[in-house]
Amino acid sequence: MIRFAVFEDSPALAILLTQLGYPSSEAFVQARLAELSKSGSACVIVAEHDGAVVGFLAFDSQPLFHQAGRVGNIMAMSVLENMRGQGVGKELVQEAEKIASEGGCLKMAVASGLHRTDTHKFYSSLGYAENTKRFVKQLGHS
């Protein structure tokens, strides 16, 4: 089952963020959920299995400048290690694409660290193509 995240999901989301490589606390997750809830374009969805959160996807969209419409962006996604390869990630991405389409998005984008080769294969299997190069500059502290 895919649904929107609620504050009670914070402990599970903190674990998922930690597994993704971003050690997080329940308080950090609650602060992020509160901030994103103020946006009209961002959301966090979760996948449940047997009543437990086993994955999440954070989504946002923004208007395009060079053409009409919006672009959807997968900001972060993680599935519990023991649930990977069972279609959870695919379901999360499909739900995000549905949200994006309903919100006027013409395309979806996702950035993935160069070292995440399995993740690159996953997105390729869902029809995502590497067609842009993204440059990042760290500003201040993380």
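The shown structure was predicted, so the numbers you read here are calculated from the model rather than taken from an experiment.

### Thoughts on the pattern of salt bridges
Part 1 of the reasoning: Within the structure shown, the criterion is met by three salt bridges.
Part 2 of the reasoning: Note that Asp9 is salt-bridged to Arg3, the shortest N-O span being 2.8 Å.
Part 3 of the reasoning: The residue Arg3 makes a salt bridge to Glu48 at a minimum N-O spacing of 2.9 Å. Of this pair, Arg3 sits in strand S1 (residues 2-4) while Glu48 sits in strand S2 (residues 43-49); the two residues are 45 residues apart in sequence, bridging distant segments of the chain.
Part 4 of the reasoning: By relative accessible area, which is 22% here, Glu48 ends up partly exposed.
Part 5 of the reasoning: Within the structure, one salt-bridge network assembled from shared partners comprises Arg3, Asp9 and Glu48.

### So, the pairing of strand S5 (residues 105-110)
Every other side chain in a regular strand lies on the same face of the sheet, so the side chains alternate between the two faces.
Part 1 of the reasoning: Two strands pair when backbone bridges link them, and strand S4 (residues 70-79) and S5 are joined in this way by five bridges, in the parallel orientation. Bridge pairing in S5 places Ile74 opposite Val110.
Part 2 of the reasoning: Read as a crossover between parallel neighbours, the route from S4 over helix H3 (residues 88-102) to S5 is right-handed.

### Observations concerning the sheet that holds S4
Part 1 of the reasoning: Pairing within the open sheet is mixed, and its five strands lie in the order S1-S2-S3-S4-S5. Both outer strands of the open sheet, S1 and S5, are each paired with one neighbouring strand and no more. For this sheet, the mean angle separating the axes of adjacent strands, direction not counted, is 30 degrees.
Part 2 of the reasoning: Sheet topology places S2 next to strand S3 (residues 52-63); seven bridges connect them, and they run antiparallel. Paired with Val44 across the strands is Ala58, a residue of S3.
Part 3 of the reasoning: Each of S1, S2, S3, S4 and S5 is contacted by H3, which is oriented at about 30 degrees to S3, the strand it contacts most.

### Looking at the packing of aromatic side chains
Part 1 of the reasoning: Using the criterion set out here, one finds two aromatic pairs in the structure.
Part 2 of the reasoning: The interplanar angle of 70 degrees and the centroid separation of 5.1 Å between the aromatic rings of Phe122 and Tyr123 together place this pair among those described as edge-to-face.
Part 3 of the reasoning: Ring geometry for Tyr123 and Tyr128: centres 5.6 Å apart, planes at 70 degrees, overall edge-to-face. Note on accessibility: Tyr123 and Tyr128 belong to one class, buried.
Part 4 of the reasoning: These aromatic residues form a ring-pair network of at least three members: Phe122, Tyr123 and Tyr128.

Reading guide: rules and limits
- Residues numbered from 1 in each chain as written.
- Predicted model: local features only at pLDDT ≥ 70, side-chain atom pairs only at ≥ 80, totals over all residues.
- Heavy atoms only, no water.
- Salt bridge = Lys/Arg side-chain N within 4 Å of Asp/Glu carboxyl O.
- Helix = DSSP H or I, 4+ residues; strand = E, 2+ residues; numbered from the N terminus.
- Buried < 20%, exposed > 50% of the residue type's maximum accessible area, 1.4 Å probe, protein only.
- Pairing = 2+ DSSP bridges.
- Right-handed = clockwise from strand over helix to strand, strands pointing away.
- Axes fitted to C-alpha atoms, helices over the stretch in contact; angles between N-to-C directions.
- Contact = heavy atoms within 4.5 Å.
- Phe/Tyr/Trp six-rings, centres within 6.5 Å; stacked < 30°, edge-to-face > 60°.

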